[in-house]
Amino acid sequence: MNKTICAYPFVHSHVSATYERKLCCLTPALPDRFKSTTKEFWNSDYVKQVRLDMIEGKPIAGCEYCYNFEKNGGKSLRLKINEQYPLEELVRYTESDGTLDIEPSFYDIRSTVCNLQCITCDENSSSMHKKLAVKLDISENGHRVDAEYERQLANEIIEGLTAKRVRVLYWAGGEPMIMKIHWDVINKMEELYELPDYQDYIKSIQLFYNTNLTKLYYKNKYIPEVLSKFNTVIWASLDGVMETHNYCRDGSNWETVYNNWLEVS
């Protein structure tokens with residue numbers, strides 16, 4: 001395969017915390033795709049042309065991070081994702097105009113729903129910062145959580161789960177452990193897990209989390225117990241440890257986070 005093709009535009013649906021569509025988390029936001037559905041994004045003119053250019057080996061504007069990383073001897077995100085998917089098969093399924101009838105198998109979903117006011121954050125990245133900015137009358141009309149749009153995204157993933165199409169789910173925030181969109185999906189996974197025809201499939205899905213580790217419970221659910229059924233990887237989002245952590249992460253406590261990490265690890 002050539003040195004520009006990447007599996008992401010062939011398998012991956014990314015929505016940023018501020019509802020922008022991207023080819024992946026490292027690329028710029030796609031023009032005119034704010035709050036778009038997966039269907040609107042998936043075979044848009046832009047994404048179709050990206051697929052065709054990649055197949056022909058043409059470099060893609062916005063993918064320079066991976067290109068430069070590889071030039072310096074690093075293993076880029078492009079190379080890592082390409083190891084996980086059969087590129088030849090994805091190319092074979094791509095039509096002459098770049099259309100791909102196979103829907104995404106990898107969903108990367110984020111939200112600004114959060115329980116912290118970190119000093120490195122702002123109202124476009126944390127709902128708690130947004131509340132504070134409004135209270136202090138210093139809001140610059142930044143991002144607001146749209147519950148209806150997030151419900152729509154959850155339903156798209158649930159449809160993919162029911163069709164046994166989803167392979168990877170990546171959750172980040174904000175804080176995914178308090179995001180309703182996340183729990184709508186997890187509740188469906190728990191429901192399907194109880195069905196004999198679905199249990200092996202649900203256990204095979206890779207669940208990745210970037211969490212601040214402040215929460216072990218969501219409503220009446222003990223999170224480690226729920227996630228123990230699944231193929232789960234948890235990454236801790238930290239700005240330091242001990243006093244540094246407490247200073248940087250308003251609303252968090254290092255001792256709690258440390259004990260929670262021991263609980264989920």
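Residues numbered from 1 in each chain as written. Predicted model: local features only at pLDDT ≥ 70, side-chain atom pairs only at ≥ 80, totals over all residues. Heavy atoms only, no water.

**Q** If you had to explain the overall build of the protein to someone new, which residues and values would you point to?
**A** When its secondary structure is counted, the protein shows 13 helices and 10 strands. Residues counted as buried form 49% of the 265 residues belonging to the protein. Taking the contacts inside the protein whose residues are at least 6 apart along the sequence as the reference set, 66% of them involve residues at least 24 apart. Carbon together with sulfur atoms contributes 50% to the accessible area of the protein, which is approximately 13,700 Å² in total. Distance from the positive charge centre (31 side chains) to the negative charge centre (38 side chains) of the protein: 1 Å. (Helix = DSSP H or I, 4+ residues; strand = E, 2+ residues; numbered from the N terminus. Buried < 20%, exposed > 50% of the residue type's maximum accessible area, 1.4 Å probe, protein only. Contact = heavy atoms within 4.5 Å. Areas by Shrake-Rupley, 256 points an atom, 1.4 Å probe, with all protein chains shown as cover. Lys, Arg positive; Asp, Glu negative; His and termini not counted. Charge placed at Lys NZ, Arg CZ, Asp CG, Glu CD.)

**Q** Describe the sheet that holds strand β9 (residues 231-236), listing the residues and the values that go with them.
**A** Here six strands make up an open sheet; going across it, the order is β2-β1-β3-β5-β6-β9 and the pairing mixed. In this open sheet, the two strands that pair with only one neighbour each are β2 (21-22) and β9. Relative to β2, strand β1 (residues 12-15) runs antiparallel, the two being bridged by two bridges. Each residue of the ladder has a partner; that of His14, found in β2, is Lys22. Relative to the sheet, helix α9 (residues 180-193) contacts β3 (106-110), β5 (168-172) and β6 (206-211), its axis offset from that of β5 by approximately 145°. (Pairing = 2+ DSSP bridges. Axes fitted to C-alpha atoms, helices over the stretch in contact; angles between N-to-C directions.)

**Q** Outline the pattern of salt bridges, listing residues and values.
**A** Counting across every chain of the model gives 16 salt bridges. Between Arg110 and Asp108 there is a salt bridge, with its nearest N and O atoms 2.9 Å apart. Between Glu190 and Lys221 there is a salt bridge, and its shortest N-O distance comes to 2.8 Å. Here Glu190 is found in helix α9, whereas its partner Lys221 is found in strand β8 (residues 221-222), with 31 residues between them in sequence. Linked through salt bridges whose partners overlap, the residues forming this network are Asp45, Lys48 and Asp97. (Salt bridge = Lys/Arg side-chain N within 4 Å of Asp/Glu carboxyl O.)

**Q** How would you explain the side chain of Gln117 if you had to name every residue and give the values?
**A** Inspection of the secondary structure assignment puts Gln117 in strand β4 (residues 117-118). For Gln117, a relative accessible area of 17% corresponds to the buried category. Setting aside residues up to four positions removed in sequence, Gln117 forms contacts with Met128, His129, Leu132 and Asp250.

**Q** Break down a nonpolar patch on the surface for me, citing the residues and quoting the values.
**A** A cluster of nonpolar side chains, namely Leu26, Tyr65 and Phe69, defines an oily patch on the protein surface of about 290 Å² accessible area. In this fold, Tyr65 is placed in helix α4 (residues 64-71). (Patch = residues over 30% accessible without salt bridge, like charges linked within 9 Å, V, L, I, M, F, W, Y side chains within 5 Å.)

**Q** So what's going on with unusual backbone geometry? Which residues, and what values?
**A** Gly173 connects to Gly174 through a cis peptide bond whose omega is 5°. Here Gly174 lies in the loop between β5 and α9. Here Leu213, not a glycine, exhibits a phi torsion of approximately 60°, which is positive. Within the secondary structure, Leu213 sits in the loop between β6 and β7 (217-218).

**Q** If you had to explain the environment of Gln49 to someone new, which residues and values would you point to?
**A** You can see Gln49 is positioned in helix α3 (residues 45-55). Note: C-alpha distance between Gln49 and Cys25 (24 residues apart in sequence) is 19 Å.

**Q** Can you explain the pairing of β6? Please cite residues and give values.
**A** As judged from the four bridges shared by β5 and β6, these two strands associate in the parallel manner. Within the sheet, the bridge partner assigned to Trp171 lies in β6 and is Tyr209. As defined by bridge partners, β6 adjoins β9 across six bridges and the pair is classed as parallel. Considered in β9, the bridge of Gln206 is made with Asn231.

Without other data, these values stay purely geometric and don't point to any function.
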